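# Secondary and tertiary structure notes
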Amino acid sequence: LGAALLAAGQPDLAEQAYRQDLQHYPNNGWSLNGLARALERQNHTLQAQQARRAARTAFDRAQALPPDSRF
């Protein structure tokens, strides 16, 4: 849902969707990655950096972060 909302140009609603998912699945790398993107599009730079760091931690064994929040 968050990725679809980002694609539709609604980063504020995407942020809400990602935050709801993170309530159910804390430290979900996919949601953290999407949250970072949503925050970046809203110019919430510091929060986006924090979410990006958390996503990197969640994907610490991956060679790279996924380019999006969906496969």
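Located above this text is the structure these notes cover.
Scope of this entry: the structure provided in the associated data block. Since the model is a prediction, treat every value here as computed from it, not as a measurement.

Turning our attention to the side chain of arginine 52. Among the secondary structure elements, arginine 52 is positioned in helix α4 (residues 45–58). Residues in contact with arginine 52, not counting those within four places in the same chain, are Asn33, Ala36, Arg37, Glu40 and Leu65.

This part is about the pattern of salt bridges. Considering all chains together, one arrives at two salt bridges under this definition. A salt bridge links glutamate 15 to arginine 19, with the shortest nitrogen-to-oxygen separation between them at 2.9 Å. Of this pair, glutamate 15 and arginine 19 both sit in helix α2 (residues 11–24), four residues apart, roughly one helical turn. Between arginine 52 and glutamate 40 there is a salt bridge, and its shortest N-O distance comes to 3.0 Å. Of this pair, arginine 52 sits in helix α4 while glutamate 40 sits in helix α3 (residues 29–41), and the two are twelve residues apart along the sequence.

Moving on to the side chain of glutamate 15. The class of glutamate 15 is buried, set by a relative accessible area of 15%. Dropping the residues within four chain positions of it, glutamate 15 is found in contact with Leu35, Ala38, Leu39 and Gln42.

Here we take up unusual backbone geometry. One non-glycine residue, asparagine 27, adopts positive backbone phi at about 65 degrees. Tracing the backbone through its elements, the reader meets asparagine 27 in the loop between α2 and α3. Residue classification places asparagine 27 among the exposed residues on the basis of a relative accessible area of 61%. The residue asparagine 43 is not glycine, and still its phi comes out positive at about 65 degrees. Assignment of secondary structure puts asparagine 43 in the loop between α3 and α4.

Here we take up the nonpolar core. Note that soluble globular proteins tend to have their nonpolar side chains buried in a common cluster. Within the largest apolar cluster, 15 residues are counted, with the highest numbers of intra-cluster contacts made by Leu6, Ala14, Tyr18, Leu35, Ala38, Leu39 and Ala51. At the level of elements, α1 (2–7), α2, α3 and α4 are the ones that each hand at least two residues to this core. Among the elements that take part in this core, α3 stands out by supplying five residues, more than any other. Aside from chain neighbours lying at most four places away, what touches leucine 35 is Glu15, Tyr18, Arg19, Leu22 and Ala51.

What counts as what
- Residues numbered from 1 in each chain as written.
- Predicted model: local features only at pLDDT ≥ 70, side-chain atom pairs only at ≥ 80, totals over all residues.
- Heavy atoms only, no water.
- Helix = DSSP H or I, 4+ residues; strand = E, 2+ residues; numbered from the N terminus.
- Contact = heavy atoms within 4.5 Å.
- Salt bridge = Lys/Arg side-chain N within 4 Å of Asp/Glu carboxyl O.
- Buried < 20%, exposed > 50% of the residue type's maximum accessible area, 1.4 Å probe, protein only.
- Core = buried A, V, L, I, M, F, W, Y, C linked by side-chain atoms within 4.5 Å.

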